[in-house]
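Here is how the chains run, residue by residue.
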Protein chains: 2
Amino acid sequence: MYLIGELSKQTGVKIPTIRYYEEMGLIEKPHRTSGNQRQYEKEGLERLSFIKHARDLGLSIEDIRELVDLSSSPEKSCKQAHEIAHHHLQFIKTKISKLRRLEKELKRVALLDDEGHVGKCKIIASLADHRLCKGEH
Amino acid sequence: MYLIGELSKQTGVKIPTIRYYEEMGLIEKPHRTSGNQRQYEKEGLERLSFIKHARDLGLSIEDIRELVDLSSSPEKSCKQAHEIAHHHLQFIKTKISKLRRLEKELKRVALLDDEGHVGKCKIIASLADHRLCKGEH
DNA sequence: AATAAAGCTCTAGTCATTAGAGCTTTAAGA
DNA sequence: TCTTAAAGCTCTAATGACTAGAGCTTTATT
Ligand SMILES: [Zn+2]
Ligand SMILES: [Zn+2]
Ligand SMILES: [Zn+2]
Ligand SMILES: [Zn+2]
């Protein structure tokens, strides 16, 4: 149905990345043509779209591998999937709050005005000395 | 004055990382003892503290290299330092807003409740199909 | 003198790709 | 049918910022 270039266009996943996913065992090894070229079916496209979407949502390859494995057994409990999503949400929240603290400090630093030369540069001084910061990073 | 382990304790930078910074040209090669061990002076400690703080604020090694180079010439214009700080602030802001969009989508996904098995799992369905999302990532 | 702690170099692994070299296969036009 | 261009293949190495480990030497303490 699709050669790798077509699959790449359909999903937005670059060709070397598709081959990498194959090597990592995220997608099944596709059928090869007589000339050794990868040939994908609709399921291959669907699985790659799933992976692309999960990656766009920031999930790790490991998380995705578990989700992919899971989704091949419809009768199993989906508890693990809920845990992964939940855990990842927490992870993103933590990341955001860390970045917000950073942003605060950086705003203070980046908006400093000074005489314009290195010797008395307030930005360089602020980077040199954490005691000038209001909080932790 | 300090051996590498002491420097590490003082700054919170791990020993292999200090050696890595040396190799990258971020810190000067220190004097060696007769037994080939690195021996740092006060300036070495100060420079490493600078680097640590800038890293904690999220600056890249490349940015830090420029700042370090710059700070050795006090008479030069510090325009470049201001640019780096500014640019980095923008970078952090962009990152935060991307993560917030992600958080929104993930909240929607992670808090879904369903019948508890993979076949009808709403989380897995949401990951499989971006059309179920409200926005871009 | 013996032992332990801390230092050294060098290599390789992490994560998720991406780039490039050097080759073969396939499709299309002359 | 021949030729060329596009697209595919494998394999290796690079990215960024470390980190871990093997196998060795130096230093400090008992
Ligand atoms: Zn300045
Ligand atoms: Zn600080
Ligand atoms: Zn479910
Ligand atoms: Zn989506």
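Residues numbered from 1 in each chain as written. Chains lettered and ligands numbered in written order. Predicted model: local features only at pLDDT ≥ 70, side-chain atom pairs only at ≥ 80, totals over all residues. Heavy atoms only, no water.

## Structural notes on the pattern of salt bridges
Residues and elements named next belong to chain A. Using the criterion set out here, one finds 20 salt bridges over all chains in the structure. With a closest N to O distance of 3.9 Å, Glu22 and Arg32 form a salt bridge. A residue pair is termed long-range when its members are at least 10 positions apart, and Glu22 in helix H2 (residues 15–23) and Arg32 in strand E2 (residues 31–32) qualify at 10 residues. Classification of Arg32 by relative accessible area gives partly exposed; the value is 30%. One salt bridge connects Arg38 with Glu22, and the closest N-O pair in it is separated by 2.7 Å. (Salt bridge = Lys/Arg side-chain N within 4 Å of Asp/Glu carboxyl O. Helix = DSSP H or I, 4+ residues; strand = E, 2+ residues; numbered from the N terminus. Buried < 20%, exposed > 50% of the residue type's maximum accessible area, 1.4 Å probe, protein only.)

## Section: the coordination of the zinc ion (ligand 2)
At 1.9 to 2.2 Å from the zinc ion (ligand 2) lie its protein donor atoms, namely His130 of chain A (ND1), Cys133 of chain A (SG), His137 of chain A (NE2) and His53 of chain B (NE2). Each of the 4 donor atoms bound to the zinc ion (ligand 2) contributes to angles spanning 100 to 120°, and the resulting shape is tetrahedral. Of the two residues, His137 of chain A sits in the segment after helix H6 (122–128) while His53 of chain B sits in helix H3 (residues 42–56), which places them in two different chains. Classification of His137 of chain A as partly exposed rests on a relative accessible area of 28%. (Donors = N, O, S within 2.8 Å, 3.2 Å for Na, K, Ca; no water. Tetrahedral: all angles 85-135°; square planar, octahedral: opposite > 155°, others 65-115°.)

## A few points about the interface of chain A and chain B
Across the contact, 49 residues belong to chain A and 49 residues belong to chain B. In this assembly, chain A packs against chain B so that about 4,300 Å² is buried in total across both faces, 79% of it on carbon and sulfur atoms. Remark: the boundary between chain A and chain B carries 0 salt bridges. On the surface where chain A and chain B come into contact, there are 18 residue pairs in polar contact (both at pLDDT 80 or more). Mapped onto the side of chain A that touches chain B, the elements with two or more residues apiece are helix H3 (42–56), helix H4 (61–70), helix H5 (79–110) and H6 of chain A. For the side of chain A that touches chain B, the leading source of residues is H5 of chain A, giving 18 residues. When the residues that make up the side of chain A that touches chain B are grouped by side-chain class, the tally is 25 nonpolar, 13 polar and 11 charged. (Contact = heavy atoms within 4.5 Å. Buried area = accessible area lost by both parts, 1.4 Å probe. Polar contact = N/O pair within 3.5 Å; in protein donor to acceptor, adjacent residues only side chain to side chain. Nonpolar A, V, L, I, M, F, W, Y, C, P; charged D, E, K, R; others polar.)

## Quick look at helix H1 (residues 4–11) of chain B
Along an α-helix, residues three or four positions apart point the same way, because every turn accommodates 3.6 residues. All names here are of chain B. Among the residues making up H1, those that are buried are Ile4, Leu7, Ser8 and Thr11. Buried residues of H1 fall within an arc of 100° about the axis and therefore sit on the same side. In the segment just after H1, Gly12 is the residue with positive phi, at about 80°. (Arc of directions from axis to C-beta.)

## Focus: the relation of the copies chain A and chain B
Least-squares fitting of chain A to chain B yields an RMSD of 0.1 Å, with the transformation described by 0.0 Å of translation along the axis and a rotation of 180°. Such a turn and shift between the copies fits a two-fold axis. Considering only C-alpha atoms, the part of chain A nearest the rotation axis is Ile96 of chain A, at 3.1 Å. Of all interface residues in chain A, 100% are interface residues in chain B too; the two copies therefore contact each other through one and the same surface. (Least-squares fit on C-alpha atoms with pLDDT ≥ 70 in both.)

## What about the environment of Gly25 of chain B?
Residue and element names in this part refer to chain B. Structurally, the position occupied by Gly25 is in the loop between helix H2 (15–23) and strand E2 (31–32). Relative accessible area serves as the criterion here: at 45%, Gly25 is assigned to the partly exposed category. Placed 40 residues apart in sequence, Gly25 and Arg65 show a C-alpha to C-alpha distance of 8.0 Å.

## A few points about the coordination of the zinc ion (ligand 3)
Around the zinc ion (ligand 3), the protein contributes the donor atoms Cys78 of chain A (SG), His82 of chain A (NE2), Asp114 of chain B (OD) and Cys121 of chain B (SG), which lie 2.0 to 2.3 Å from the metal centre. Its 4 donor atoms give the zinc ion (ligand 3) angles of 98 to 132° at the centre, a pattern that matches the tetrahedral case. One end of the pair, His82 of chain A, is in helix H5; the other, Asp114 of chain B, is in the loop between helix H5 (79–110) and helix H6 (122–128), on a second chain. The exposure class of His82 of chain A is buried, given its relative accessible area of 17%.

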